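Close look at the chain arrangement
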Amino acid sequence: MQGESDGDEEERSVKSISGKKRKITTPTIDKYKTYTKNGYTRQYPDNSSNGDFVVYLEHLDREIKLGNMNPLNLSKYFKNIKGVHERARINSNKIKISFKQAALANDFLKSRCLLEHNLRAYIPASSVERVGVIRYIPKEIGNKELFEKICCDRDVVGIRRFMKREKGNLIPLSTISITFSGTSLPEYILLDGWRYKVHTYIPPLLQCFKCLKFNHSAKICRSEQVCSKCSENHSYKDCSSETLKCTNCSGNHLAISKDCPIKAARILKHRQSYAMATINKDFVNFPALPKSSIQKYTGKVDSNKNIELPHVPTKTDNFNISDIVNNTKVMNSIIKTLVALGNSESIKTTSHIKEIFIKNLSE
Ligand SMILES: [Zn+2]
Ligand SMILES: [Zn+2]
Ligand SMILES: [Zn+2]
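The following paragraphs examine the structure supplied in this document. Note that the coordinates shown come from a computational prediction; the quantities given were computed from them, not determined experimentally.

Conventions we followed
Residues numbered from 1 in each chain as written. Chains lettered and ligands numbered in written order. Predicted model: local features only at pLDDT ≥ 70, side-chain atom pairs only at ≥ 80, totals over all residues. Heavy atoms only, no water. Donors = N, O, S within 2.8 Å, 3.2 Å for Na, K, Ca; no water. Tetrahedral: all angles 85-135°; square planar, octahedral: opposite > 155°, others 65-115°. Pairing = 2+ DSSP bridges. Helix = DSSP H or I, 4+ residues; strand = E, 2+ residues; numbered from the N terminus. Buried < 20%, exposed > 50% of the residue type's maximum accessible area, 1.4 Å probe, protein only. Axes fitted to C-alpha atoms, helices over the stretch in contact; angles between N-to-C directions. Parallel < 35°, antiparallel > 145°, perpendicular 65-115°, else oblique. Left-handed = near helix turned anticlockwise from the far one by under 90°. Contact = heavy atoms within 4.5 Å. Phe/Tyr/Trp six-rings, centres within 6.5 Å; stacked < 30°, edge-to-face > 60°. Lys NZ or Arg CZ within 6 Å of the ring centre and 35° of its normal. Core = buried A, V, L, I, M, F, W, Y, C linked by side-chain atoms within 4.5 Å.

Some words on the coordination of the zinc ion (ligand 2)
Coordination of the zinc ion (ligand 2) by the protein is provided by C227 (SG), C230 (SG), H234 (NE2) and C239 (SG), with metal-donor distances spanning 2.1 to 2.4 Å. Between consecutive donor residues of the zinc ion (ligand 2), the sequence gaps follow C-x2-C-x3-H-x4-C.

Given below as structure tokens:
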């Protein structure tokens with residue numbers, strides 16, 4: 001999200017009257033610092049079983065690329081680790097280890113072999129957390145205060161206030177994101193007894209600062225440095241060009257600009273695929289809802305119409321992707337929903353998308 005950053009930046013370098021740079025701390029910004037629940041670390045619920053419990057592994061020394069190491073050499077690190085059923089490379093920095101049981105994955109995080117080999121192990125956020133966005137939260141409330149006042153039927157593990165940079169200052173916005181533990185979002189939260197709707201958070205499209213292409217970060221980029229101003233092979237800081245040339249579309253704008261038609265198209269595609277992934281996840285993770293609650297949920301659907309809702313598969317139903325792919329009605333509804341989303345200017349939340357999808361399905 002352009003113009004937004006999180007509240008982590010409480011210290012800023014400013015020039016004093018004497019012209020020397022000094023660091024200042026803004027006390028008002030402190031309360032908007034991302035808040036994480038005391039003592040929280042990501043864990044799989046200990047009672048979950050029959051799954052693929054993934055742990056990511058990186059070297060603490062950023063220069064050592066675990067993903068580029070010889071896998072046979074890496075194997076000996078984990079000789080004594082119990083319950084590992086698969087290992088795979090994620091990228092040059094990262095490998096993943098899958099466990100069959102949650103408790104074994106959790107135990108691995110505390111394993112001594114990590115310390116011995118200077119490794120960092122963590123559960124990927126997408127396995128155990130969901131991020132929701134809440135709008136119209138009074139700007140003067142700090143994150144810790146919000147954490148203490150929010151009531152909801154899920155465990156809240158983190159709060160972030162969206163901030164805007166204006167003339168070098170960070171200004172709080174009225175939107176916050178909440179990280180909930182679990183694999184689904186609550187429909188709403190209560191703050192001081194007021195009900196606020198929870199929307200799905202769609203992370204911004206990743207653009208590499210080094211090569212300016214999309215969906216990867218500079219940390220793992222193997223391409224040459226490209227200038228965001230002139231698209232030659234140097235840093236934008238060293239650029240002396242008078243004219244702008246975008247490396248992605250050759251247009252007259254910065255390669256990071258939202259005016260870039262290629263970037264705009266990628267943002268749209270990113271949002272659609274993210275929304276689609278959320279719908280798929282919901283199919284797998286949500287238990288079948290009683291029909292009455294689905295009808296309540298899809299408030300805009302004509303209530304006189306008798307909606308024939310499909311059975312929502314759950315994990316225990318041996319859910320199979322071909323069940324959806326071979327179902328013409330479901331597939332047509334998905335395609336119709338995607339086309340509607342592609343033609344729509346506004347950003348859609350999960351509940352909007354679900355509403356459109358269920359409406360298409362019931363037609
Ligand atoms: Zn790159
Ligand atoms: Zn340049
Ligand atoms: Zn462009």
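Concerning the coordination of the zinc ion (ligand 3)
Coordination of the zinc ion (ligand 3) by the protein is provided by C246 (SG), C249 (SG), H253 (NE2) and C260 (SG), with metal-donor distances spanning 2.1 to 2.3 Å. Geometry at the zinc ion (ligand 3) is tetrahedral, judged from its four donor atoms and the angles of 95 to 115° they form at the metal. Linear spacing of the donor residues for the zinc ion (ligand 3) on their chain is C-x2-C-x3-H-x6-C.

Digging into the pairing of strand β12 (residues 169-181)
Alignment of strand β9 (residues 129-134) against β12, held across six bridges, turns out to be antiparallel. Note on β12: the bridge partner recorded for E129 is S181. Sheet topology note: the strand β11 (residues 156-166)/β12 ladder contains nine bridges and is antiparallel. Bridge pairing in β12 places R165 opposite L170. Connecting β11 to the next strand, β12, in antiparallel fashion are two residues, including K167 with a positive phi near 50°.

Concerning the pairing of β11
With eight of eleven residues buried, β11 lies mostly within the body of the structure. With two bridges joining them, strand β4 (residues 35-36) and β11 adopt antiparallel strand pairing. Looking at the pairing, Y35 lines up with I159 of β11.

Structural notes on the packing of helix α10 (residues 328-343) against helix α11 (residues 350-362)
With their axes 9 Å apart at the nearest point, α10 and α11 run at an angle of 135° to one another. When the axes of α10 and α11 are compared, the pair comes out oblique. Classified by chirality, the crossing of α11 by α10 is right-handed. In this structure, α10 uses K329, V330, S333, I334, K336, T337 and L341 to contact α11, whose residues at the interface are I353, I356, F357, N360 and L361.

Focus on the sheet that holds strand β14 (residues 194-197)
Here we have three strands laid out as an open sheet, ordered β10-β13-β14, and antiparallel in their pairing. The open sheet is flanked by β10 (150-151) and β14, the only strands paired with a single partner. As paired elements, β10 and strand β13 (residues 188-191) share two bridges and run antiparallel to each other. Directly across from C151, in β13, lies its bridge partner L190.

A look at the packing of aromatic side chains
This model, assessed by the stated rule, comprises five aromatic pairs. Relative to Y122, the ring of Y56 lies with its centre 5.8 Å away and its plane at 90°, an arrangement referred to as edge-to-face. Of the two residues, Y56 is situated in strand β5 (residues 53-59) and Y122 in strand β8 (residues 119-122); the sequence distance between them amounts to 66 residues. Taken as a pair, Y56 and Y122 share a single burial class, namely buried. Ring geometry for F99 versus F108: centroids 5.4 Å apart, planes at 40°, classification tilted. The two residues F99 and F108 agree in class, both being buried. Sitting above the plane of the Y188 ring, R195 keeps its charged end 3.6 Å from the centroid.

Things to note about the sheet that holds β5
The antiparallel open sheet is built from four strands, whose spatial order is β6-β7-β5-β8. Only two strands of the sheet have a single partner each, and these edge strands are β6 (84-89) and β8. The mean inter-strand angle of the sheet, taken between neighbouring strand axes irrespective of direction, is 25°. Relative to strand β7 (residues 94-99), β6 is paired through five bridges, and the arrangement is antiparallel. Residue A88 lies in a different strand from β7, and its bridge partner there is K96. Running over the sheet, helix α3 (residues 102-109) touches β5, β7 and β8 and is turned about 15° from β5.

Let's talk about the nonpolar core
Ranked by size, the top nonpolar core spans 24 residues in total, and within it Y44, V55, L57, F78, F99, F108 and L119 carry the most contacts. Those elements giving two or more residues to this core turn out to be β5, β7, α3, α4 (112-116) and β8. Ranked by residue count, the leading element in this core is β5, at five residues. Sequence-distant contacts of F99, that is, excluding residues within four places in its chain, are made with G51, D52, F53, V55, I81, K82, G83, V84, H85, L104, A105 and F108. I137, I141, F180 and I189 belong to the second largest nonpolar core, which has 15 residues in total.

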